[in-house]
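Chain by chain, the residues:
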Amino acid sequence: MNQPLAYVHPQAKVAKNVVIEPFVNIEKNVEIGEGTWIGSNVTIMEGARIGKNCKIFPGAVISAIPQDLKFDGEDTIVRIGDNTVIREFVTINRGTKASWETVVGSNCLLMAYVHIAHDCLVGNNVILANAATLAGHITIDDYAIIGGLSAVHQFVNIGAHVMISGGSLVRKDVPPFTKAAREPLSYVGINSIGLRRRGFSAEKINEIQDIYRYIYLRGNNVSQALEYIEANLPATSERDEIISFISRSSRGIMKGYAKQA
C-alpha cells in the first residue's frame, strides 16, 4: 500500500498485507483480500472482488467492461475466489445485466493470455492453459482443464473433471468426467488419469466408463441412452450428475468418437 509508483483509488478496499508492485492501477469500487500479490502493470478496474492469497501477474486486466455491444453501463462485478493464480496478460471482463457478474472460483490457475468474457461462471480448481479463450455466458465446473489455444463458444457448459485437448474449438457441451479432442470436438474416453489423481477408486472409474459406453459406444441416441442408464444402472452421485448435465444441455453434447477417413 506504500508503493509510490502504484495508484490505488482512495475508495478501494484493499487488505493491509496486500503486496502491490510498481505501476499497478486500482480503481474505485474494488475489494482485494489479504495476502494477495499484485504484480507490476496490473490494472484492476471498477467492480473487482478479489479473494485472499491470490497472485496476479504483470499485465493482467481485471474487471474491464464487457466486449458486448448490448452492455449499457450497468453496475456489474467480477468475483474471484481465494488462492487463484492469474498469469501474465490475462483479461477477465465483468458481467452484464444477464447475470450481473463474472465469477472465477478458488484455487484456479489461469495461464498467460487467457480471456474470460462477461457472465462466465468458472468453478473451483479449474485450469485454463495459455491463451484459452472463453466467450460470454460459459459455465465450467470444478476441476476441469482446458488446453492451450482452445476457444469455447458462448453459452457452452463444461462439466466437472473434464480434460479438453489443446487447440480445441468447443461448440457443444462437454459432459463431466470425459476427455475431448479432435475436430470436430469428440468424446475420446473418460479422464481416468485425472480422476485417479483426485482420489476416485478404480471401481468408481469403471462405473463412469460403463455409463459413457451406453451414451457413446452402443449405437444409442442420447435420449435412449439416458433412459436405459436411469432404468438399469445403480443410482450414484456420478450417474445422476451425468444424467442431469446432459438432460439440461440446450446446445447438445459433443459427438461420439468416429474414425476419420
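A few points on the structure. Within every chain, residues take consecutive numbers counted from 1 along the sequence as written. Under the rules for a predicted model, residues below a pLDDT of 70 receive no local features and side-chain atom pairs below 80 are neither given nor counted, while totals for whole chains, interfaces and linings still include all residues. With hydrogens and water excluded, all non-hydrogen atoms of the structure serve as input to the side-chain values.

Observations concerning helix α2 (residues 202-217)
Then comes step 1: Along α2, the residues classified as buried are Ile205, Ile208, Ile211, Tyr212, Tyr214, Ile215 and Tyr216.
Then comes step 2: Residues of α2 that are buried in the fold lie against β26 (178-181), β27 (186-190), α1 (192-197), α3 (222-232) and α4 (237-247).
Then comes step 3: A positive backbone phi angle near 80 degrees is found at Gly219, which sits one or two residues after α2. Burial here depends on accessible area, computed with a 1.4 Å probe over protein chains only, as a share of the maximum for the residue type. Under 20% is buried, over 50% is exposed, and the range in between is partly exposed. The helix and strand labels rest on DSSP assignments: H or I over at least four residues marks a helix, E over at least two residues marks a strand, and numbering proceeds from the N terminus. Residues are treated as being in contact if the distance between any of their heavy atoms lies within 4.5 Å.

Thoughts on the pattern of salt bridges
Where side chains of opposite charge bring their charged atoms close, a pairing between them can arise.
Then comes step 1: When a carboxyl oxygen of Asp or Glu lies within 4 Å of a side-chain nitrogen of Lys or Arg, that pair is called a salt bridge. Per the counting criterion, the structure on display carries nine salt bridges.
Then comes step 2: Residues Glu88 and Arg87 are paired through a salt bridge, measuring 3.0 Å at the closest nitrogen-oxygen approach.
Then comes step 3: Judged by relative accessible area, which is 29%, Arg87 ranks as partly exposed.
Then comes step 4: Salt bridges here are not isolated pairs; linked through shared partners, they connect Lys204, Glu207 and Glu238.

Comments concerning the sheet that holds strand β9 (residues 55-56)
Then comes step 1: Two strands qualify as a pair provided that DSSP identifies no fewer than 2 bridges between them. Within the open sheet, the ten strands sit side by side as β3-β6-β9-β12-β15-β18-β21-β24-β26-β27. Their pairing is mixed. Each end of this open sheet is capped by a strand with a single partner; those strands are β3 (19-20) and β27.
Then comes step 2: Axis angles are defined between N-to-C directions and span 0 to 180 degrees, where every axis is a line fitted to C-alpha atoms and, for a helix, only to the segment in contact. This element, α2, spans β26 and β27 of the sheet and lies at about 155 degrees to β27.

Here we look at the packing of aromatic side chains
Then comes step 1: In summary, the pairing rule links any two rings of Phe, Tyr or Trp, Trp by its six-membered ring, whose centres are within 6.5 Å, and it sorts them by plane angle into stacked for under 30 degrees, edge-to-face for over 60 and tilted for everything else. With the rule as written, the count across this model stands at seven aromatic pairs.
Then comes step 2: Ring centres of Tyr187 and Tyr216 lie 4.4 Å apart, and the angle between their planes is 10 degrees; on these two criteria the pair is classed as stacked. Placement of the pair is Tyr187 in strand β27 and Tyr216 in helix α2, with a sequence separation of 29 residues. Residue Tyr187 shares its accessibility class with Tyr216, and that shared class is buried.
Then comes step 3: Among the aromatic residues, ring-to-ring pairing joins Tyr187, Tyr212 and Tyr216 into one connected group.
Then comes step 4: Whether a charge sits over a ring comes down to the Lys NZ or Arg CZ being within 6 Å of the ring centre and within 35 degrees of the ring normal. Over the ring of Phe57 we find Arg87; its NZ or CZ atom is 4.0 Å from the centre of that ring.

A look at the sheet that holds strand β5 (residues 31-32)
Then comes step 1: With parallel pairing, eight strands are arranged side by side in an open sheet as β2-β5-β8-β11-β14-β17-β20-β23. Two strands close off the open sheet at either side, each with one partner strand: β2 (13-14) and β23 (157-158).
Then comes step 2: Bridging between strand β11 (residues 77-80) and strand β14 (residues 101-104) involves four bridges; their strand directions are parallel. Note on β14: the bridge partner recorded for Ile77 is Glu101.

As for the environment of Val24
Then comes step 1: Tracing the backbone shows Val24 in the loop between β3 and β4 (25-26).
Then comes step 2: Overall, Val24 belongs to the buried group, its relative accessible area being 2%.
Then comes step 3: With 21 residues separating them along the chain, Val24 and Gln3 place their C-alpha atoms 9.2 Å apart.

Concerning the nonpolar core
Then comes step 1: Buried residues of nine kinds, namely Ala, Val, Leu, Ile, Met, Phe, Trp, Tyr and Cys, make up a nonpolar core once their side-chain atoms join them within 4.5 Å. Formed by 70 residues in total, the largest nonpolar core has its most connected members in Ile44, Ile62, Ile92, Ile116, Leu128, Ile158 and Ile215.
Then comes step 2: Among the secondary structure elements, those contributing two or more residues to this core are β8 (48-50), β11, β27, α2, α3 and α4.
Then comes step 3: With seven residues, α2 is the single largest residue contributor to this core.

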